[in-house]
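These are the residues of each chain, in order.
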Amino acid sequence: MHDSWKPFLKSEFDKPYFKELSAFLHSEYEQKVIYPKKSLVFSAFATDLNEVKVVILGQDPYHTPGAAEGLAFSVPNSQPIPPSLVNIYKEIDNDIGGHANKTGSLRNWQKQGVLLLNTVLTVEAHKAGSHRGKGWETFTTEVIKYLNETRPHLVFILWGRDARNKKSLIDQTKHLVLESPHPSPLSAYAGFFGNHHFSRTNEFLRQNGMTEIVW
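The sections below set out a description of the structure shown in this document. (Residues numbered from 1 in each chain as written. Predicted model: local features only at pLDDT ≥ 70, side-chain atom pairs only at ≥ 80, totals over all residues. Heavy atoms only, no water.)

## What about the packing of aromatic side chains?
This is how the line gets drawn: Stacked, tilted and edge-to-face pairs are distinguished by plane angle, under 30 degrees for stacked and over 60 for edge-to-face with tilted covering the rest, among Phe, Tyr and Trp rings (Trp via its six-membered ring) whose centres lie within 6.5 Å. Going along the chain from the N terminus, every DSSP run of H or I of four or more residues is numbered as a helix, and every run of E of two or more is numbered as a strand. With a 1.4 Å probe rolled over the protein chains alone, any residue whose accessible area is under 20% of its type maximum counts as buried; one over 50% counts as exposed, and the rest are partly exposed.
All chains considered together, the criterion is met by 23 aromatic pairs. Ring geometry for Trp 5 versus Tyr 146: centroids 6.3 Å apart, planes at 45°, classification tilted. Separated by 141 residues along the polypeptide, Trp 5 in the segment before helix 1 (6–13) and Tyr 146 in helix 5 (residues 136–150) bring together distant segments of the chain. Take Trp 5: its relative accessible area is 0%, and that puts it in the buried class. The exposure class of Tyr 146 is partly exposed, given its relative accessible area of 23%. Plain terms: the ring middles of Phe 8 and Tyr 146 are 4.6 Å apart, the flat faces sit at 20° to each other, and that makes the pair stacked. Of the two residues, Phe 8 is situated in helix 1 and Tyr 146 in helix 5; the sequence distance between them amounts to 138 residues.

Shown next, in the form of structure tokens:
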């Protein structure tokens, strides 16, 4: 993780809820197959806090082997592009005329100041949503509150019900909030397609004197 996050993360790690979460995770990793691997759980926080411009908030990690790498919606270059990310790329193509990525890795977005965060950061293999209600939601609520308070003019992109539940934490007089259904095949046609989140994000960044994201 980037040094800029360490004071915040240390304060959260010392709280009772996180100690309970840590004990739960220790047991889970000992007894079951959990994704992502331990070293990747906090990969999103490799983004320099002081360079964060956009926060994309999803649900929980991919639960199939080799896919989860600690960044919401991203998979390693060696992995096939998951259906949700296929739909994200389709929306980019429809919105701004094409996407820059050739694989399923979104690390180039991260390098541009996009924080790729799930509301829950771990999952048991082949059991979507299996780590809900264990403490991660409290942690990611604190992350959103911290970003809301400490950073100016962010774009918060909330995809899916779990992410949209965080909307009330965000000061919309200071930040732009964009929300829609999740890009998964089950819900993409219920309002994800046509949301124009990528062009709207870049317009907001441009209006506030920031470099646009190369999507």
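Here the narrative resumes, following the displayed structure.
## Quick look at the pattern of salt bridges
In plain terms, the rule: Should a side-chain nitrogen of Lys or Arg be within 4 Å of a carboxyl oxygen of Asp or Glu, the pair is scored as a salt bridge.
One pass over the structure, following the stated rule, counts 13 salt bridges. The salt bridge partner of Lys 10 is Asp 14, with a shortest N-O separation of 3.2 Å. On the accessibility criterion, Lys 10 (54% relative accessible area) is exposed. For Arg 132, the salt bridge identified is with Asp 162, shortest N-O distance 2.9 Å. With Arg 132 in the loop between strand 4 (123–124) and helix 5 and Asp 162 in helix 6 (residues 161–164), this pair connects stretches of sequence that are 30 residues apart. Classification of Arg 132 by relative accessible area gives partly exposed; the value is 33%.

## As for the sheet that holds strand 5 (residues 155–159)
Selection rule: Strands qualify as paired when DSSP identifies two bridges or more between them. Every axis in this analysis is a line fitted to C-alpha atoms, fitted for helices over the stretch in contact. Angles between the N-to-C directions lie between 0 and 180 degrees. Contacts are assigned to residue pairs that have any heavy atoms within 4.5 Å of one another.
Pairing is parallel across the open sheet formed by four strands, whose spatial order is 3-2-5-6. The open sheet has two free edges, formed respectively by strand 3 (114–118) and strand 6 (176–180), since each of these has just one partner strand. Direction aside, the axes of adjacent strands within the sheet are offset by 15° on average. Summarising the sheet, strand 2 (residues 54–58) and strand 3 pair through five bridges and their orientation is parallel. Residue pairing in the sheet places Val 55 in a bridge with Leu 115 of strand 3. Running at roughly 155° to strand 3, helix 5 makes contact with strand 2, strand 3 and strand 5 of the sheet.

## Topic: the side chain of Ser 74
Worth spelling out the cut-off: Polar contact is the term for a pair of N or O atoms within 3.5 Å; when the atoms are in protein, one must be able to donate a hydrogen and the other to accept it, and sequence-neighboring residues count only if both atoms are side-chain atoms.
One can find Ser 74 in the loop between strand 2 and helix 3 (83–96). Assessed through its relative accessible area of 1%, Ser 74 is described here as buried. For Ser 74, the side chain forms a polar contact with the side chain of Glu 69, separated by 2.5 Å. Filtering out sequence-adjacent residues up to four positions away, Ser 74 remains in contact with Tyr 62, Ala 67, Glu 69, Gly 104, Ser 105, Leu 106 and Arg 107.

## Focus on the packing of helix 2 (residues 16–31) against helix 5
The condition is simple: By definition in this entry, angles of less than 35 degrees are roughly parallel, angles greater than 145 are roughly antiparallel, angles of 65 to 115 are roughly perpendicular, and the rest are oblique. The sense of a crossing depends on the near helix, which, turned anticlockwise from the far helix by less than a right angle, makes the crossing left-handed and, turned clockwise, makes it right-handed. Three classes are used, and their members are as follows: Ala, Val, Leu, Ile, Met, Phe, Trp, Tyr, Cys and Pro are nonpolar, Asp, Glu, Lys and Arg are charged, and the others, Gly among them, are polar.
Between helix 2 and helix 5, whose axes approach to 9 Å, the crossing angle comes to 130°. Our classification of the angle between helix 2 and helix 5 gives oblique. Taken as a pair, helix 2 and helix 5 cross one another with a handedness that is left-handed. Packed against helix 2, whose contacting residues are Tyr 17, Phe 18, Leu 21 and Leu 25, the element helix 5 presents Trp 136, Thr 138, Phe 139 and Glu 142 at the interface. Along the lines of polarity and charge, the residues of the contact of helix 2 with helix 5 split into six nonpolar, one polar and one charged.

## Section: the environment of Leu 115
You can see Leu 115 is positioned in strand 3. For the pair Leu 115 and Thr 47, spaced 68 residues apart in sequence, the C-alpha to C-alpha distance is 6.5 Å. Other than its neighbours up to four places away in sequence, Leu 115 contacts Trp 5, Ala 44, Thr 47, Val 52, Val 54, Val 55, Ile 56 and Leu 147.

## Observations regarding helix 7 (residues 197–207)
To keep it simple, the criterion reads: In this description, the arc belongs to the directions extending from the helix axis to the C-beta atoms.
Residues His 197, Phe 198, Thr 201, Asn 202, Phe 204 and Leu 205 constitute the buried set of helix 7. Projected down its long axis, helix 7 shows its buried positions confined to an angular sector of 160°, all on one face. Looking at the buried side of helix 7, the elements it contacts are strand 2, helix 3, helix 4 (107–111), strand 5 and strand 6. Phi for Gly 209, located one or two positions after helix 7, is positive at around 75°.

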